[in-house]
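Survey of secondary and tertiary structure
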Amino acid sequence: MGFHQISVKVNGNDEVVTVSSNMTLLRMLRESLALTGTKNGCAAGECGACTVMLNGEPVNSCMVLAVEVDGQEITTIEGLAKDGQLDIVQKTIIEKGGVQCGFCTPGMLISARALLNRNPHPTEEQVVEALVGNLCRCTGYSRIIESVQAAAERS
Amino acid sequence: MANTDTKPGTMNPVGKSVQRLDVMEKVTGAAHYTDDIPFGNALLYGRVKRSTVAHGLIKRIDVSKAKALPGVKVVVTGEDFPNLIGLYLKDKTVFARDRVRFVGEAIAAVAATSEEIAEKAIDLIEVDIEPLPAVFDAEFGASKDAPLIHPDLANYECPNFIFPVPGTNISNHFKIRKGNTEEAFKKCAVIMEKKFRVPHVQHVPIEPHIAVAQVEPDGDVTVWAASQSPFSQRSSFAKALGVSESKIRVIAGYVGGGFGCKAGVTMENVAVALASKSGGRPVKVRLTREEEFFTNFVRQGLIINLKIGCDAQGNVLAMENNQWWDGGASTEYGVNITRAGGYNSSGPFDIPNITTNAMCVYTNHPIGGAYRGFGMSELHAGIIQVMDMLAEKIGMDKVEFLKRNAIQGGDFNVTGMKMHPVGLQECIDKVAKELNFSVKEKASSPTKRRGKGIGIVWKAPSMPPNAGSSAEVRLNEDGSVTVSVGGQEIGQGTFTVMAQIAAEALGVAYEMVKIEGPVDTRYSPYEWQTVASRLTWSMGNAVRRAAEDARKNILEMVAEAWGENPANLDIKNGYVVSMKSEESISLKNIVVYGIPRPGDQGWIGGPVLGRGTFMPSYVTNLDKDTGQGARAVVHYTTGCQGIDIEIDTETGKIEIIKAVSVFDVGKAINPDLVKAQIEGGFIQGMSSAIFEEMKLVNGVMKNPSFVDYRIATTADLPRENIAMFVETAQDDGPWGARGIGEHPMTPTIGVLANAIYDAVGVRVSNPPLSAEKIYLAMLEAGVVS
Amino acid sequence: MTSAHPGLPEFDYVKPAGLKEASQFLAQHAPEARPFSGGTDTFVRMRDGFFNPKYLVDVKGLEGTRVLKIDEKEGLTIGAAIPMNRVVAFAEASRYPLLVEAAKSVASYQLRSRATIIGNICNASPAGDTIGACLAYQGVLNIHGVDGPKTLPLNGFFTGPGKNLLKPGDIVLSITLPVPPKGHAGRYIKLGRNRLSDLSIVGISAMGVKDSSTKSGYKFHLAIASVAPVPFIPAKAEEILANNALNTETIILAAQAAMDAVTPIDDVRGSAQYRKFMVRNLVNRAVTEIMQKLSA
Ligand SMILES: Cc1cc2nc3c(=O)[nH]c(=O)nc-3n(C[C@H](O)[C@H](O)[C@H](O)COP(=O)(O)OP(=O)(O)OC[C@H]3O[C@@H](n4cnc5c(N)ncnc54)[C@H](O)[C@@H]3O)c2cc1C
């Protein structure tokens, strides 16, 4: 099986990583770069727990090969807060009580941040659509949806 | 470091919606779950060879090719682990030995230097199985004609409250014989009888099961696991390996959702088995999402036949309740869920005459486990519907019917236990009011139909009579407080609630309290399990006692230093104050170094450490033949749910306009967390009621992925999901609190079915209450053509 | 039952420099080499063990795959490397409202950051949501094979579930959707178990336009997902809508004709019986809504 050396910017840092052909972006982040905030919930593009931003757009990192991100930019949950300041979506999800077990939270927040980047003032239905690929079994979602709306109002 | 003296703090936090303790870690990705722990290059990866046959005799297992594959370090099979294990009934081994009993059962396992190699090695293991006739229906399984799945049932070890029937597939037969059912039915004006089938469903935590095990040179075993029950896992591992508990250590970090499936032991045993032969290298086993669906404990299916009668005034007089629980290939919690199905079989109704047969039946399906509600969603699915049918038949207002028959404090319930005060009437009133229940509302379009449903539930913690809790409270130099517990933060917010309880009992601000984690059976105080909605009540009592113990030590120390009576002292906002002398002293430093006696004459006090334990002492056993006894359980949480829906007659799709859930929680230690449990629980209940079913065909699950097994998403929510509570204090709960974790999802199947009936006049009674089922039922009934 | 692989099985990732090389590599290593675009079908099928490629050939860098453009004469061309979200966000794509609506119905936003329309087509699943729209818009595939470039109309491209007319070495570079008739209206109704994001139990693609050459004065293109081995065009229903005065009764007749023509199967998402009724009810709904749009 082939190995490839790739260069990738992750949360603003330049990284050079050697990856096998079958290594997913998810595995590279967790195993090669020790960025374990990105979660593995299904490895099949279904649950959204592994959502990260690839050049600003959210992707299921289990559905992207590591070798495909050569020369690209990745943002993970660890890169959301800037200079010790939580992102507004992190603040509002805390305030609204949208966190329980926390396993879906990183992917959920990446989807939320990406939504607000492309659409700073989404309607409720647009929030619902943007988060439909992030499964949560604890909260019943409504507090998460409210938190994204609250973040939009405040930014 | 911020000066803790000037930090604004939340005093008397019990009853306040303080912010969760664990959120900073969880929103930044810093929270460590088991899969996030680094183990370095020594780590081996385990994979499991599983049965593809539902029932059969193992004729040959050949692992030689797997062993020869470079990178493979360990291969284990059933031969290596002969001990019988099981939480109640000891009826299974870690790996199938002579016989396989369900598709997905572990036959062998491999540990290798990478997951890919382990996966390849699994494919190289050859297994020959001679198929046997199998059982895929619990009612058939209980009959004389069914092939026996456990011919050795008579020889299995089991506790004295589980009643297997040797020579059959019945692993537990629990009976209620209360009053005279036969006579009472003769007095009924109306009798309704209906049979229901509730399918198998899965828990679906977003974090799949994971465990890492390592054996130390002295033979001690450490297991890191996503676990709801580190202590009971410890004892289970000890039994599987035939060693004592002290040789095992379980470390359990954050859990990415449990809902019951991470209680007891499933795949964790495989990691332990592999590690026991890996020469000290840690071994990680992680279920794929697919394995999570078809190999993990399931919410077992239920077939239930209910016959209930009432008099002309609407008083329910009699119930006959026959239950066949599809316990699966062997039992873990299943036999006890069946017991719960029996001793709760009346639902929250005052019924003088009851005959119940609750049977747990071996089948060739996945093994039944605990799932949020512990049988109560399945049981109430039927009861809520039959009660609705009865009310309609005698022409009584549904709310009035429920209120007339709802159980009350002082009633002697189904097992003869005298009920403690319950606020069920108030719950019903609140739901009826909030939902405008008596008003028939108009649908939003001519192709839609509108309807409402209502129902009530109860649930007691289902646990051994002597499930215990313990806690330690330590104070630090800066006046902050560290609380050690053995219960688990699985998302429900228990660490937050424990911090509130400790702060309140001690007299410090909530923000000064930290809960020690991860739970580690070597250092953490004992806790039975994080199940049964029991922590706020049981562990809460232990924490409260530990905090009070610490408080007593502090007050005695200061009293001695000041020459005062401890009764005149209090702790307020981190200061000991005297109500007599009005003196005050900060907790800082004195809680570790003590207080000097005047004139350099030595020191008083020293490090403050409070200890507290709790175990109910009053739960009695039930008579084997009648199910009667003085006190079957510790208490009941009761509640009511109502749902207002619209059905699209062109597709059968349900849209929930409004859902209202009201539960009697005794005391809401953290009102917002209570509401969060109720909201989330409702959505899980709705999801299971509308979408979920393990499609088992000849024992094979046909939909083991999120693509095929759908759960609710952001797009499937009610327009309004309203959560409320009432507070009728529990005599032995901390500040009166009792549990609420499981209850919110238990009414939903039945209530939704009632709403569907109200909307379209057709009873679609067996979940999933899918659009397809509703449409085809409307078609058959001529509602649509 | 095969159990899914925990990650992805081993293979070699190949990123060819040019089209010729790519087609040759694929042809030489058939069937062990497979092209991929977004990978969202490919990876899932590799985990499940349905695909066992030795080589995965990434087509996204190849010439002609990154195109997303509108041409007043030729219409809309969408390259194989263009994920669905980019199509949806492309302002000019709004001239193809049926396609945009269908693309937005696929899975989740983050999956659509990778999933492509070309991948959806080449995957040839009867459930593919964007296929019906591409059929209704008379799409033509631009392909590079061992013998060089060629084109294939989408109509007739599908030969069975997961099967199509592509030959070893063929790489679909893009699809061109001709300029749609002026003033047309479209509607994609996807019935899933969940309101959004599920695969379709049935998916109705409908396009209608005023047309003086038909008796009814309207022309409709219909395509239905998940009801036959290939994306299904209910020709009889289309005829009824063209040949009769367009009123409620005609729409009912057409919907019934569609229901009678489909040959669905029972699967985990729904039974054949339910699917048939849904075809009738939702064709009716789609056509009715289009008529409302056209007369607005
Ligand atoms: C969780 C999940 C949900 C999904 N939900 C939906 C849904 O709701 N609706 C739906 O329609 N689909 C759905 N899909 C399927 C899939 O996402 C779509 O079919 C998608 O459009 C495929 O595009 P792709 O670029 O990712 O395909 P790829 O995986 O790259 O390719 C798919 C197939 O086409 C072939 N192929 C790809 N590119 C070329 C090319 N340029 N030339 C020749 N052959 C090629 C590949 O060999 C493969 O056989 C879902 C998938 C997942 C994982």
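Residues numbered from 1 in each chain as written. Chains lettered and ligands numbered in written order. Predicted model: local features only at pLDDT ≥ 70, side-chain atom pairs only at ≥ 80, totals over all residues. Heavy atoms only, no water.

Quick word on the pattern of salt bridges
Evaluation of the coordinates by the stated rule reveals 68 salt bridges over all chains. The closest approach of N and O atoms between Arg47(C) and Glu290(B), which form a salt bridge, is 2.9 Å. Here Arg47(C), found in helix α2 (residues 42-48), pairs with Glu290(B), found in helix α8 (residues 289-294), and the two come from separate chains. Across the pair Lys658(B) and Glu434(B) runs a salt bridge, and its minimum N-O distance is 3.1 Å. Of this pair, Lys658(B) sits in strand β28 (residues 654-664) while Glu434(B) sits in helix α12 (residues 424-434), placing them 224 residues apart in sequence. Looking at Lys658(B), the relative accessible area reads 14%, which means it is buried. It is possible to trace a salt-bridge network through shared partners that takes in Arg30(A), Lys39(A), Asp35(B), Asp36(B), Lys284(B) and Arg286(B). (Salt bridge = Lys/Arg side-chain N within 4 Å of Asp/Glu carboxyl O. Helix = DSSP H or I, 4+ residues; strand = E, 2+ residues; numbered from the N terminus. Buried < 20%, exposed > 50% of the residue type's maximum accessible area, 1.4 Å probe, protein only.)

A closer look at the interface of chain A and chain B
Contacts between the two partners involve 39 residues from chain A and, on the opposite side, 49 residues from chain B. Between chain A and chain B, the buried area comes to about 3600 Å², and carbon and sulfur atoms account for 57% of it. Contact with chain B buries surface across chain A, with Gln100(A), Arg137(A) and Arg143(A) losing the most and accounting together for 22% of the total. Here chain A and chain B share seven salt bridges between them. Ionic pairing is found between Asp35(B) and Arg30(A), a salt bridge with its closest N-O pair at 3.3 Å. Applying the counting criterion to the chain A and chain B interface returns 25 residue pairs in polar contact (both at pLDDT 80 or more). Of all the secondary-structure elements, those providing two or more residues to the side of chain A that touches chain B are α1 (25-32), α2 (88-95), α3 (105-118), α4 (124-131) and α5 (142-154) of chain A. (Contact = heavy atoms within 4.5 Å. Buried area = accessible area lost by both parts, 1.4 Å probe. Polar contact = N/O pair within 3.5 Å; in protein donor to acceptor, adjacent residues only side chain to side chain.)

Focus on the domain arrangement of chain C
A common way to state how big an interface is: give the accessible area lost once the parts meet. Residues and elements named next belong to chain C. Considered domain by domain, chain C is made up of domain 1 (11-180) and domain 2 (198-295). The centre of domain 1, based on its C-alpha atoms, is set 26 Å off from the matching centre of domain 2. Facing 18 residues of domain 1, the contacting portion of domain 2 comprises 14 residues. Counting the surface domain 1 buries against domain 2, the share from its top three residues, Leu98, Pro126 and Ala127, is 34%. Applying the counting rule to domain 1 against domain 2 returns zero salt bridges. (Domains from an automatic or database assignment.)

As for the packing of aromatic side chains
Tallied over the entire structure, the rule returns 19 aromatic pairs over all chains. With 5.7 Å between their ring centres and 55° between their planes, Phe36(C) and Phe43(C) make a pair best called tilted. Phe43(C) shares its class with Phe36(C); the two are buried. Of the aromatic side chains, those joined through ring pairs into one cluster are Phe103(A), Tyr33(B) and Tyr254(B). Above the face of the Phe196(B) ring, Lys194(B) is positioned so that its terminal group lies 5.9 Å from the ring centre. (Phe/Tyr/Trp six-rings, centres within 6.5 Å; stacked < 30°, edge-to-face > 60°. Lys NZ or Arg CZ within 6 Å of the ring centre and 35° of its normal.)

Section: the domain arrangement of chain A
Residue and element names in this part refer to chain A. Entries for chain A in the domain assignment read domain 1 (3-77) and domain 2 (88-154). Spacing between the C-alpha centres of domain 1 and domain 2 amounts to 22 Å. On the side of domain 2, 14 residues touch domain 1, which itself brings 17 residues to the contact. When domain 1 packs against domain 2, the two sides together hide about 1100 Å² of surface, and 68% of this comes from carbon and sulfur. On the surface where domain 1 and domain 2 come into contact, there are zero salt bridges. Put simply, the parts of the chain that give the side of domain 1 that touches domain 2 at least two residues each are β3 (51-54) and β4 (57-60). The element that contributes the greatest number of residues to the side of domain 1 that touches domain 2 is β3, accounting for three residues.

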